[in-house]
Amino acid sequence: DQQVKQNSPSLSVQEGRISILNCDYTNSMFDYFLWYKKYPAEGPTFLISISSIKDKNEDGRFTVFLNKSAKHLSLHIVPSQPGDSAVYFCAASASGNSGAGSYQLTFGKGTKLSVIP
Amino acid sequence: EADIYQTPRYLVIGTGKKITLECSQTMGHDKMYWYQQDPGMELHLIHYSYGVNSTEKGDLSSESTVSRIRTEHFPLTLESARPSHTSQYLCASSEYRGSHRVADTQYFGPGTRLTVL
């Protein structure tokens, strides 16, 4: 059963407008969330993260919002640029036990964002 | 940002061949990971290591094996490749700092696209 779900396989947005990518999770133990961006034939690039003690984190054009009660997070990109066209992965981790046995990431299937000039 | 390298980037081989996918990182990260990803799907963890001489299997069963003799090097080996092994293989690393959440942020290499005929 998928613990991290990105229900929109694709999203098209006009350049300059806002892109909103959504992610839902089912495991209540998850307490840290990350967004990665991936171009074809390349590895994922870390974008932004948020801890469960916060409900918002901002970095330039990227803002992540976390709604713990709904087990939902979203990534907002504003303004969207053609170079933002890529697949965006949501990932989550649970701190679990102390020591080295924690911090593994569970990924969603990704959302392909196309920003139209 | 971590510097993490993977070779080869692309590999096409015949069934039954032994292959080794190389992964090296220059950041001195303790933790390293191997993921497998098929198009349109999530990343699945197949192996991880928390340090030298430490290796564990991930959530997705894999016929591959790994070794961690040096901190910076985490090669993956398939003794006898099969068409079912065709996939993209992604290596990642992260820094372990006890309970600090920085350990959750994994940095990825460019990946190896493996095709087994």
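What comes next is a walk through the structure.

Quick notes on the rules
Residues numbered from 1 in each chain as written. Chains lettered and ligands numbered in written order. Predicted model: local features only at pLDDT ≥ 70, side-chain atom pairs only at ≥ 80, totals over all residues. Heavy atoms only, no water. Helix = DSSP H or I, 4+ residues; strand = E, 2+ residues; numbered from the N terminus. Rg over C-alpha atoms; globule rule 2.2 N^0.38 Å. Buried < 20%, exposed > 50% of the residue type's maximum accessible area, 1.4 Å probe, protein only. Areas by Shrake-Rupley, 256 points an atom, 1.4 Å probe, with all protein chains shown as cover. Lys, Arg positive; Asp, Glu negative; His and termini not counted. Charge placed at Lys NZ, Arg CZ, Asp CG, Glu CD. Phe/Tyr/Trp six-rings, centres within 6.5 Å; stacked < 30°, edge-to-face > 60°. 1 Å grid on protein atoms, 1.4 Å probe; cavity = no way out; pocket = protein on both sides within 12 Å on 5 of 7 lines; lining within 4 Å. Points joined across faces, edges and corners; volume = space filled by probe spheres on them. Nonpolar A, V, L, I, M, F, W, Y, C, P; charged D, E, K, R; others polar. Contact = heavy atoms within 4.5 Å. Polar contact = N/O pair within 3.5 Å; in protein donor to acceptor, adjacent residues only side chain to side chain. Pairing = 2+ DSSP bridges. Patch = residues over 30% accessible without salt bridge, like charges linked within 9 Å, V, L, I, M, F, W, Y side chains within 5 Å. Salt bridge = Lys/Arg side-chain N within 4 Å of Asp/Glu carboxyl O. Disulfide = S-S within 2.5 Å.

A look at the overall build of chain B
- When its secondary structure is counted, chain B shows zero helices and eleven strands.
- Secondary structure elements of chain B occur, N-terminal to C-terminal, as β-β-β-β-β-β-β-β-β-β-β.
- For 117 residues, the compact-globule estimate of 2.2 N^0.38 gives 13 Å, and chain B sits close to it at 14 Å.
- When the backbone C-alpha atoms are referred to their principal axes, chain B occupies close to 45 × 30 × 25 Å.
- The 117 residues of chain B split such that 50% are buried.
- A total accessible area of about 5500 Å² is found for chain B, and carbon and sulfur atoms account for 51% of it.
- Within chain B, the 13 negative side-chain charges are centred at a point lying 4 Å from the centre of the 11 positive side-chain charges.

Some thoughts on the packing of aromatic side chains
- Within this structure, the stated rule accounts for eleven aromatic pairs over all chains.
- Between Tyr36 of chain A and Phe46 of chain A the ring centres are 5.9 Å apart and the planes differ by 65°, which places this aromatic pair in the edge-to-face class. Note that Tyr36 of chain A is positioned in strand S4 (residues 32-38) and Phe46 of chain A in strand S5 (residues 45-51), a separation of ten residues in sequence.
- For Tyr36 of chain A, a relative accessible area of 0% corresponds to the buried category.
- Judged by centre distance (5.5 Å) and plane angle (90°), the rings of Tyr36 of chain A and Phe108 of chain B are edge-to-face.

Quick notes on the layout of surface pockets
- Considered as a void within the structure, the largest pocket measures approximately 400 Å³ in volume.
- Lining the largest pocket we find 21 residues, and of these Val87 and Phe89 of chain A together with Gln37, Pro39 and Gly40 of chain B sit closest to its centre.
- Elements with a contribution of two residues or more to the lining of the largest pocket: strand S9 (86-93) and strand S11 (111-116) of chain A.
- At three residues, the largest contribution of residues to the lining of the largest pocket is made by S9 of chain A.
- The residue makeup of the lining of the largest pocket, split by class, is nine nonpolar, seven polar and five charged.

What to know about the environment of Lys68 of chain A
Residue and element names in this part refer to chain A.
- Take Lys68: it is sitting in the loop between strand S7 (62-67) and strand S8 (72-77).
- On the basis of relative accessibility, which here comes to 43%, the residue Lys68 falls in the partly exposed class.
- Along the primary structure Lys68 and Lys112 are separated by 44 residues, whereas in three dimensions their C-alpha atoms are 25 Å apart.
- For Lys68, the residues in contact, after removing those within four places along its chain, are Tyr25, Ser52 and Lys54.
- A distance of 2.8 Å separates a polar atom in the side chain of Lys68 from the backbone oxygen of Ser52.

Some remarks on the sheet that holds strand S1 (residues 4-7) of chain B
Residue and element names in this part refer to chain B.
- Strands sit in the order S1-S3-S8-S7 across an open sheet of four strands; the sheet is antiparallel. Only two strands of the sheet have a single partner each, and these edge strands are S1 and strand S7 (65-66).
- Judged from the three bridges that link them, strand S3 (residues 19-25) and strand S8 (residues 76-78) form a sheet pairing that is antiparallel. By the bridge assignment for S8, Leu21 is matched with Leu76.

Considering a nonpolar patch on the surface
- On the surface, a cluster of nonpolar side chains totalling about 230 Å² of accessible area is made up of Ile18, Ile20 and Val78 of chain A.
- Here Ile18 of chain A shows up in the loop between strand S2 (10-14) and strand S3 (19-25).

Topic: the state of the cysteines
- Applying the stated criterion to the full structure yields two disulfides over all chains.
- Disulfide pairing places Cys23 of chain A opposite Cys90 of chain A at an S-S distance of 2.1 Å. Because the sign of the S-S torsion sets the handedness, a value of about -75° for the bond joining Cys23 of chain A and Cys90 of chain A places this disulfide among the left-handed ones. On the criterion of sequence distance, the pair formed by Cys23 of chain A in strand S3 and Cys90 of chain A in strand S9 is long-range, its members being 67 residues apart. By the burial criterion, Cys23 of chain A is buried, and Cys90 of chain A matches it.
- Two residues share a disulfide in this structure: Cys23 of chain B and Cys91 of chain B, whose sulfurs sit 1.9 Å from each other. Across the disulfide from Cys23 of chain B to Cys91 of chain B, rotation about the S-S bond amounts to roughly -75°, and the bridge is consequently left-handed. Of this pair, Cys23 of chain B sits in strand S3 while Cys91 of chain B sits in strand S9 (residues 87-94), and the two are 68 residues apart along the sequence.

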